[in-house]
Amino acid sequence: MTELAIIAEDLTYAYGQLMAVDHISFDVAEGEILGFLGPNGAGKSTTVKMLTGQLLPKAGRATLLGIDVARHPKQVQAQIGVCFEVANLYETMSGIDNLELFASLFGVRDFNAEALLKRVGLDGRGKDKVSGYSKGLKQRLMVARALVNRPQILFLDEPTEGLDPTSAQAIRSLILEEQARGATIFLTTHDMHEADMLCQRVAFIDRGKIVALDTPHTLKQQYGKRTIRAEVLGDDGHLQTREIILDRQETPAEIEALFRDAEVVTIHSEEATLESIFIQLTGRELI
Amino acid sequence: MSLRRIGLLLHREFVRGPKNFMFIFAVIVPLVLSLTMLLVFGTLFAEKPRLGIADAGDSQFTHSAAATEAFTVRKYASEAELRDATAMGAVDIGVVLPSDFDESVSSGKTTTVTAYIWGGSLLKDRAALAATTATWVRQMAGQVSPVNIITTVLDGSVVLPWEDRLLPLILMMGVTFGGLMIPASSLVAEKQQHTLAALSVTPATMVDIYAAKGLVGVTISTVMTLVILGLNRTLGNSTLLLAGVLLLSAIFAAEAGVVIGTLVKDIDSLFATVKALGLLLYAPALIYVFPDIPQWIARVFPTYYIIHPVIEITQHGARLADIAGKLGVLLILILALGGLLALLTQRMRYRH
Amino acid sequence: MNARMISALIGKDLKLYFSNRLFALVTVLGLVSYTAIYFLMPATVDETLELGLYMANVPAPLEALLAESDLRFYRADSIDALQQAVLEGDVPAGYAFPDDLLVQLSRGEQVSVQLLLSPNVPLEFVEIYEVILREFAFVISGQTLDIEMNEIVLGPDMAGRQVAPRQRMLPLLAVLVLMVECLGLASLIAAEVEAGTIQALLITPLTMVGLFLGKGVFGTLFAFVQSALLITITGGLLHQPLLILTALLFGSAMVTGVAFLIASTGRDLMSVMGWGVLAVILLVLPTFNVLMPGLASNWIKLIPSHYLVDTIYRAMNLELPWMDATQNLVLLLIYAAALMALGVVMLKRKLR
């Protein structure tokens with residue numbers, strides 16, 4: 001039976017009158033990548049802070065690797081890695097100095113900074129001051145820093161936001177490598193495409209509540225509509241768009257009618273996206 | 001131009017200002033330098049001898065003491081207060097006068113007077129105070145001095161003390177750090193943070209923005225230069241005239257600061273520019289440090305028309321008529337910089 | 001939390017401190033310039049006043065007075081020699097008595113005496129030279145004064161062994177060294193809070209206690225090493241080194257607490273500098289009481305740095321016994337602990 005790496009039970013947090021996280025419960029299995037998706041202000045970062053022991057929940061409980069986070073935050077933190085949303089590196093120190101400092105704090109023996117830097121594509125830049133790094137390089141170093149203690153659970157908060165495609169792809173590859181090593185990954189992101197590619201399951205959070213939690217495939221099955229979109233030549237000689245929803249009883253007849261009655265110029269089938277499902281569920285976009 | 005908007009911008013400058021490193025620099029550095037100079041050249045320790053008096057009556061001795069300029073005289077209400085003050089070193093010698101002191105002295109009876117001496121007082125101060133108090137008592141006793149003193153001040157060259165020579169340099173630091181660097185660095189910082197662009201698309205005009213920044217510089221520069229002169233005890237007798245000259249100097253520096261701030265791109269270029277202009281700004285003060293250099297050379301530099309009037313007022317007691325010519329030149333320089341600023345304002349209107 | 005973590009934190013803080021060019025420069029330049037200022041300042045106090053005297057025959061009563069006076073005299077052979085001595089600045093003033101002084105006195109005539117003054121003597125001091133001359137004349141003419149002076153010296157009598165200005169300056173320099181480190185540490189913490197790196201540290205096994213311990217040890221040791229270095233270079237450890245080093249260690253802990261407080265109040269690096277300068281001014285105040293005794297009254301004892309300044313000043317210059325120093329050290333330690341605790345609480349609140 002698969003062990004659970006993260007268990008959140010009725011987690012709640014409020015900033016004054018504002019309910020940031022509203023009694024949410026979920027769990028993440030060992031070795032799983034869970035995508036935590038939601039717009040700005042939905043409660044993603046507050047949830048991460050409670051799970052990583054940075055915030056004490058107002059109610060509920062978080063258990064990581066069988067340890068109560070609120071009671072033993074330092075025991076938990078020794079076994080996790082956190083990559084923050086905003087780069088918080090020692091800019092006037094070198095990349096190697098940054099990694100070695102954290103390795104010392106985690107008590108890692110025989111730490112090989114160069115090897116880790118190579119893994120994240122920073123080989124040759126380790127001795128440079130971080131202030132000279134580009135945004136993509138800083139983000140790679142942030143991920144590397146989260147990996148210094150070979151964490152059992154890795155929290156990644158918007159790790160690819162605003163990065164160039166090469167850097168984003170490098171980080172995605174690392175996430176998959178870490179999963180292959182056996183790490184559990186809690187990935188917070190805006191990017192539905194990324195979540196679709198990487199995550200075994202995704203949770204949609206909106207206004208502090210989880211509105212859906214399942215595999216991307218199941219969510220698409222459950223909420224999504226597959227369609228075909230066709231461009232036809234209208235009577236006035238201009239192109240018109242027609243949309244037919246698939247998987248219904250009347251679909252074959254509608255397709256037949258389309259080809260019979262109109263001159264079809266182009267035709268495409270379209271899959272449901274997580275983004276459209278999110279909009280369908282919450283009535284708002286992922287901004 | 002709107003006074004309300006200038007007021008709003010000025011308020012913002014003052015609220016944000018104290019967090020600006022240059023702001024702290026402008027206030028602290030001239031003060032520390034003044035203090036260091038006072039300490040190094042010993043003027044801080046060369047105070048007048050200090051005499052404390054606890055007079056139980058209304059002695060003639062106390063009146064004589066009050067009239068002297070050679071000592072600092074402090075009066076205390078009781079012997080205990082005098083004793084405490086002397087023990088702390090507030091006075092070098094504290095004399096306790098009984099209520100019947102004058103009668104005892106004039107009657108020719110032997111009178112006992114308690115004198116507290118601060119252990120740290122200098123021997124020469126003790127000697128001077130002892131001789132003076134004795135003379136006052138002799139006068140009270142009706143003794144007539146057996147000598148007629150003919151005082152002659154010998155006609156030699158007066159050596160200008162180092163602290164006087166260096167004062168214009170520190171004064172110029174007050175003027176340039178406060179008047180020039182604060183508006184310039186503030187403008188450059190706003191350019192670098194792109195907040196100047198944000199301000200320029202509001203109803204605030206460039207004139208409003210420049211005026212607000214300039215006024216901060218003028219205020220800091222005027223206050224700091226007055227404080228520097230006060231610290232060095234060289235405010236002179238015409239404080240109002242001096243304040244006026246310092247205000248004009250501050251306006252000149254602030255205009256220069258806004259011009260430089262408008263023209264340079266970033267903080268590094270600002271420092272480089274000020275370094276390059278350093279000679280132009282400080283040359284008259286440096287020439288003053290070395291009296292052997294022909295002093296007329298200083299007249300070539302614009303800041304001479306700031307330094308010279310200030311020195312004339314503080315060290316030679318000059319009046320408005322004496323420095324009117326130099327002030328006229330300063331006013332022309334202010335107007336010229338104002339004109340340049342107006343031209344720049346026109347040019348900058350569409351830049352941000 | 002373990003020693004390895006603490007040493008990793010200290011190593012990191014050292015790297016960060018020296019990567020901040022401004023503070024690295026201020027640290028090194030500060031030490032060099034403080035040392036330079038110390039050695040530039042007078043090493044001795046000339047507490048005697050030397051006067052010129054031309055008198056053909058010195059009468060016995062005056063000879064006795066001159067011998068026991070705190071003043072020193074240059075005896076000129078002629079009026080010309082006296083004038084030369086005054087002009088050359090050997091003495092600020094000279095008294096030229098007529099050759100028939102005693103004859104004139106015996107006739108009861110008022111004698112005319114010349115007081116020759118250097119042009120560099122300030123006008124307000126002329127009275128002192130005149131008074132001293134009058135007092136001589138009274139003594140020569142045999143007029144006695146029926147006053148019995150009951151002289152009480154308060155505090156250790158430093159006559160003839162005055163504390164040199166540079167020794168008075170040393171506590172100020174030491175406190176300035178400590179305060180520069182205080183500002184550096186406060187900025188370092190503020191920068192870490194601003195950049196979010198503290199958040200990253202606290203998500204490792206490092207506890208809040210460990211974090212403060214690391215910063216506290218770093219701040220205290222760094223400030224201590226520098227202040228001790230300054231005191232050693234300037235020869236301040238020649239007397240009672242253990243007492244002075246203990247006071248400096250407690251003082252270093254105190255400024256570290258102040259640094260925590262400043263870091264907790266400032267919103268960003270610049271506001272930290274603003275608050276820091278205020279703290280510097282406040283903590284430096286007691287040193288002025290050493291520089292200019294009597295400047296402040298008992299309220300100065302409310303400022304924590306008073307106990308540091310008082311201890312090191314008296315230990316270096318007045319052979320302060322350990323027994324007397326204990327009260328100061330205990331109070332300094334209490335202040336250090338209180339400020340450190342308050343700083344930790346405030347900073348903890350901010351971090352949360």
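What comes next is a walk through the structure. (Residues numbered from 1 in each chain as written. Chains lettered and ligands numbered in written order. Predicted model: local features only at pLDDT ≥ 70, side-chain atom pairs only at ≥ 80, totals over all residues. Heavy atoms only, no water.)

### Remarks on the nonpolar core
- Core analysis: the largest hydrophobic core is formed by 162 residues, its most contacted members being Ile6(A), Phe26(A), Leu51(A), Phe155(A), Phe186(A) and Phe204(A).
- At 17 residues, the largest contribution of residues to this core is made by helix H7 (residues 165-195) of chain C.
- The residues contacting Phe155(A), other than those within four sequence positions of it, are Ile6(A), Val48(A), Leu51(A), Thr52(A), Leu64(A), Ile80(A), Gly81(A), Val82(A), Cys83(A) and Phe186(A).
- Core analysis: the next-biggest nonpolar cluster, separate from the first, contains 57 residues, Leu167(B), Ile228(B), Leu270(B) and Ile323(B) among them. (Core = buried A, V, L, I, M, F, W, Y, C linked by side-chain atoms within 4.5 Å. Buried < 20%, exposed > 50% of the residue type's maximum accessible area, 1.4 Å probe, protein only. Helix = DSSP H or I, 4+ residues; strand = E, 2+ residues; numbered from the N terminus. Contact = heavy atoms within 4.5 Å.)

### Here we look at the pairing of strand S4 (residues 111-117) of chain C
Residue and element names in this part refer to chain C.
- S4 sits mainly inside the fold: five of its seven residues count as buried.
- Inspection of the sheet shows strand S3 (residues 93-96) paired to S4 by four bridges, in the antiparallel sense. Considered in S4, the bridge of Ala93 is made with Leu117. (Pairing = 2+ DSSP bridges.)

### Notes on the interface of chain A and chain C
- Every contact between the two is made by 26 residues of chain A and, on the other side, 21 residues of chain C.
- Interface area lost by chain A to chain C is led by Lys74(A), Tyr90(A) and Leu105(A), which between them contribute 34%.
- Where chain A packs against chain C, one counts one salt bridge.
- The shortest N-O distance in the salt bridge between Asp97(A) and Lys15(C) comes to 3.3 Å.
- For the pair chain A and chain C, the number of links is nine residue pairs in polar contact (both at pLDDT 80 or more).
- Looking at the side of chain A that touches chain C, the elements that each hand over two or more residues are helix H2 (73-77) and helix H3 (95-106) of chain A. (Buried area = accessible area lost by both parts, 1.4 Å probe. Salt bridge = Lys/Arg side-chain N within 4 Å of Asp/Glu carboxyl O. Polar contact = N/O pair within 3.5 Å; in protein donor to acceptor, adjacent residues only side chain to side chain.)

### A look at the sheet that holds strand S3 (residues 33-37) of chain A
Residue and element names in this part refer to chain A.
- Taking strand neighbours across the sheet as the criterion, the six strands line up as S6-S7-S8-S3-S9-S10 in an open arrangement whose pairing is mixed. Either end of the sheet is taken by a strand with one partner, and the two such strands are strand S6 (80-83) and strand S10 (209-214). On average, each strand axis in the sheet is tilted by 15 degrees relative to the strand beside it, whichever way the strands run.
- As defined by bridge partners, S6 adjoins strand S7 (residues 153-157) across four bridges and the pair is classed as parallel. Bridge pairing in S7 places Val82 opposite Phe155.
- Together, S6 and S7 form the strand contacts of helix H5 (residues 135-146), whose direction differs from that of S6 by roughly 165 degrees.
- Along the sheet, helix H10 (residues 274-282) makes contact with S3, strand S9 (201-206) and S10, crossing S9 at roughly 40 degrees. (Axes fitted to C-alpha atoms, helices over the stretch in contact; angles between N-to-C directions.)

### Here we look at the packing of aromatic side chains
- A complete count under the given rule lists 17 aromatic pairs over all chains for this structure.
- With a centroid separation of 5.3 Å and an interplanar angle of 85 degrees, the aromatic rings of Phe61(B) and Trp136(B) are classed as edge-to-face. Of this pair, Phe61(B) sits in helix H3 (residues 60-67) while Trp136(B) sits in helix H6 (residues 123-141); the two residues are 75 residues apart in sequence, bridging distant segments of the chain.
- By relative accessible area, Phe61(B) is classed as buried at 1%.
- Between Arg145(A) and the ring centre of Phe102(A), over which it is positioned, the NZ or CZ distance is 4.7 Å. (Phe/Tyr/Trp six-rings, centres within 6.5 Å; stacked < 30°, edge-to-face > 60°. Lys NZ or Arg CZ within 6 Å of the ring centre and 35° of its normal.)

### A short note on the sheet that holds strand S2 (residues 72-75) of chain C
- Taken together, five strands build an open sheet; the order of strands is S5(B)-S4(C)-S3(C)-S1(C)-S2(C) and the sheet is mixed. At either margin of the open sheet sits one strand with a lone partner, and together these are strand S5 (147-153) of chain B together with S2 of chain C. Ignoring strand direction, the axes of neighbouring strands in this sheet form an average angle of 25 degrees.
- Across the face of the sheet, helix H4 (residues 79-87) of chain C comes into contact with strand S1 (50-54), S2, S3 and S4 of chain C while running at roughly 170 degrees to S3(C).

### With respect to the environment of Gly328(B)
Residue and element names in this part refer to chain B.
- Mapping Gly328 onto the fold places it in helix H13 (residues 320-348).
- On the basis of relative accessible area, Gly328 is assigned to the partly exposed category, the value being 26%.
- Expressed as a C-alpha distance, the spacing of Gly328 and Tyr305, which sit 23 residues apart in the sequence, is 8.9 Å.

### Quick notes on unusual backbone geometry
- The backbone phi angle of Glu158(A) is positive, close to 45 degrees, even though this residue is not glycine.
- If you trace the backbone, Glu158(A) turns up in the loop between S7 and helix H6 (165-181).
- A relative accessible area of 4% places Glu158(A) in the buried class.
- Located in the positive-phi region is Glu319(C), a residue other than glycine, with phi close to 50 degrees.
- Mapped onto the elements of the fold, Glu319(C) is located in the loop between helix H12 (305-317) and helix H13 (322-351).

### Re the packing of H12(C) against H13(C)
Residue and element names in this part refer to chain C.
- For the pair H12 and H13, the least separation of the axes is 9 Å and the interaxial angle reads 150 degrees. Accordingly, the angle class assigned to the pair H12 and H13 is roughly antiparallel. Crossing handedness for the pair H12 and H13: left-handed. Mapping the contact onto sequence places Tyr307, Leu308, Asp310, Thr311 and Arg314 in H12 and Asp324, Ala325, Asn328, Leu329, Leu331, Leu332 and Tyr335 in H13. (Parallel < 35°, antiparallel > 145°, perpendicular 65-115°, else oblique. Left-handed = near helix turned anticlockwise from the far one by under 90°.)

### Notes on the arrangement of the chains
- No other pair of the two pairs of chains in contact has as many contacts as chains B and C.
- Note that chain A does not reach chain B: the shortest distance linking a C-alpha of one to a C-alpha of the other is 18 Å.

### Considering the interface of chain B and chain C
- In this assembly, 70 residues from chain B lie in contact with 81 residues from chain C.
- In total, chain B and chain C occlude about 6,500 Å² of area from one another, counting both sides; carbon and sulfur atoms represent 67% of this.
- Counting across the interface, chain B meets chain C through two salt bridges.
- Here chain B and chain C share 21 residue pairs in polar contact (both at pLDDT 80 or more) between them.

### A short note on the side chain of Thr176(B)
Residues and elements named next belong to chain B.
- With respect to the helices and strands, Thr176 occurs in helix H7 (residues 162-192).
- For Thr176, a relative accessible area of 4% gives the class buried.
- A distance of 3.3 Å separates a polar side-chain atom of Thr176 from the backbone oxygen of Met173.
- The contacts of Thr176, once residues within four sequence positions are left out, are Met181, Leu281 and Tyr282.

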